[in-house]
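# An overview of the molecular structure
One-letter residues, chain by chain:
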Amino acid sequence: MLDEHEVICKTEVIIENLNQLWKSDIEKYTELVTTLISFYREYADSYHHRKEEDVLFPAIKNHPDFVLQEIIDEFEQHHEDFRDYTKEIEQAIMEDNYEKSYQELNNYLQDLLDHIAAENDELFVLAESLLGEEELETIFFKFMDIDMELGQDRKTELEENISAIEIAY
């Protein structure tokens, strides 16, 4: 999960470099934003958030010593907010409102980076303190099952696409 966070964080440099690109190359800007939206929907949401929502969150919630239901509810709400952000960015692009699309993309990124930091510092630490080694191993294999179900090759392709864009920009 931490490795996936690192891949997602690579988009920060890409987004910083997109600022004002629409003024000189609308097509390139639109292409890159569309690629980022697809990446966030497929990689961040379908692969990563699904693992949390389907596997990690229930494992934590169902643990007898877990009492902070609100923290899981907050993380789940963030995931919904991220889905809304991608719709808003896409809508702004369709309306040729590039400045708004960039503003929303940047807002999305900042919220996503805050979310990732909170998961790294709070959620994953909580999971490791609550769950035993055997439970964590089971979770790991369930994560692998999700990757296999969705396609490990596609996941790798998405990671490579982001790395290639990061290098180019």
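Our structure's up above, just so we're on the same page.
An account of the accompanying structure is given in this report. Being a predicted model, the structure only gives us computed values, none of them experimental.

Turning our attention to the packing of aromatic side chains. If you walk through the whole model with that rule in mind, you get 11 aromatic pairs. When the centroid spacing of 5.8 Å and the interplanar angle of 40 degrees are considered together, the rings of W22 and Y102 count as tilted. Note that W22 is positioned in helix α3 (residues 21–24) and Y102 in helix α6 (residues 98–130), a separation of 80 residues in sequence. Judged by its relative accessible area of 10%, Y102 is buried. Among the aromatic residues, those joined into a cluster by ring pairs are F39, Y40, Y43, Y47, F82, Y85 and Y108.

The subject of this paragraph is the nonpolar core. In this structure, L18, Y29 and Y40 are the most contacted members of the largest nonpolar core, which totals 32 residues. Where this core is concerned, the elements lending two or more residues are α1 (2–9), α2 (11–18), α3, α4 (26–61), α5 (69–94), α6 and α8 (152–168). A per-element tally of this core places α4 first, with 10 residues. Setting aside its immediate chain neighbours within four residues, L18 contacts Y29, L32, V33, L36, Y102 and L105. Listed in part, the 18 residues of the second largest apolar core include V55, A127, L131 and I139.

This part is about the pattern of salt bridges. A side chain of one charge can pair with a side chain of the opposite charge when the charged atoms of the two come close. Within the structure shown, the criterion is met by 14 salt bridges. In this structure, K51 engages D147 in a salt bridge whose closest nitrogen and oxygen atoms are separated by 2.8 Å. Taken together, the residues span a long stretch of sequence, with K51 in helix α4 and D147 in helix α7 (residues 133–150) at a distance of 96 residues. Residue classification places K51 among the buried positions, given a relative accessible area of 1%. We note a salt bridge from E80 to R83, for which the minimum N-O separation is 2.6 Å. Remark: R83 and E80 occur in helix α5; sequence separation between them is three residues, near one turn of the helix.

What follows covers the side chain of R83. Here the side chain of R83 touches E80 through a polar contact of 2.6 Å, side chain to side chain. Among residues more than four places away in sequence, those in contact with R83 are D45, H49 and E53.

The next thing to look at is the layout of surface pockets. In this structure, the largest pocket occupies an estimated 530 Å³ of space. What lines the largest pocket is a set of 20 residues, and nearest its centre among them are M1, L2, I139, F140 and F143. When residues of the lining of the largest pocket are traced back to their parent elements, those giving at least two are α1, α4, α6, α7 and α8. With six residues, α7 is the largest single contributor of residues to the lining of the largest pocket. Partitioned by chemical class, the residues of the lining of the largest pocket number 12 nonpolar, one polar and seven charged.

The rules behind each value
- Throughout this document, residue positions are counted from 1 along each chain, in the order its sequence is written.
- The model is predicted, so local features are restricted to residues of pLDDT at least 70 and side-chain atom pairs to those at 80 or more, both for listing and for counting; the totals for chains, interfaces and linings are taken over all residues.
- Computation of side-chain values covers all heavy atoms of the structure but excludes hydrogens and water.
- Centres within 6.5 Å are what make two rings of Phe, Tyr or Trp a pair, Trp counting through its six-membered ring; a difference in plane orientation under 30 degrees is then read as stacked, over 60 as edge-to-face, and the rest as tilted.
- Per the convention used, a helix needs a DSSP run of H or I reaching at least four residues, while a strand needs a run of E reaching at least two, with both numbered from the N terminus.
- We call a residue buried when its accessible area falls under 20% of the maximum for its residue type, exposed when it is over 50%, and partly exposed in between, using a 1.4 Å probe and counting protein chains only.
- Joining through side-chain atoms within 4.5 Å is the link that ties buried Ala, Val, Leu, Ile, Met, Phe, Trp, Tyr and Cys residues into a set, and such a set is a nonpolar core.
- Contacts were defined at the residue level, with two residues in contact if any of their heavy atoms lie within 4.5 Å.
- Think of a salt bridge as a Lys or Arg side-chain nitrogen and an Asp or Glu carboxyl oxygen that are within 4 Å of each other.
- For this analysis, a polar contact is any N or O atom pair within 3.5 Å, provided that within protein one partner can donate a hydrogen and the other can accept it, and provided that sequence-adjacent residues contribute only side-chain to side-chain pairs.
- Using a 1 Å grid laid over the protein atoms alone, points where a 1.4 Å probe fits but cannot get out form a cavity; open sets with protein on both sides within 12 Å along at least 5 of 7 lines form a pocket; any residue with an atom within 4 Å of a point counts as lining.
- Grid points are joined across faces, edges and corners, and a volume is the space filled by probe spheres set on the points.
- Any residue that is not Ala, Val, Leu, Ile, Met, Phe, Trp, Tyr, Cys, Pro, Asp, Glu, Lys or Arg is counted as polar, Gly included; the first ten are nonpolar and the last four charged.

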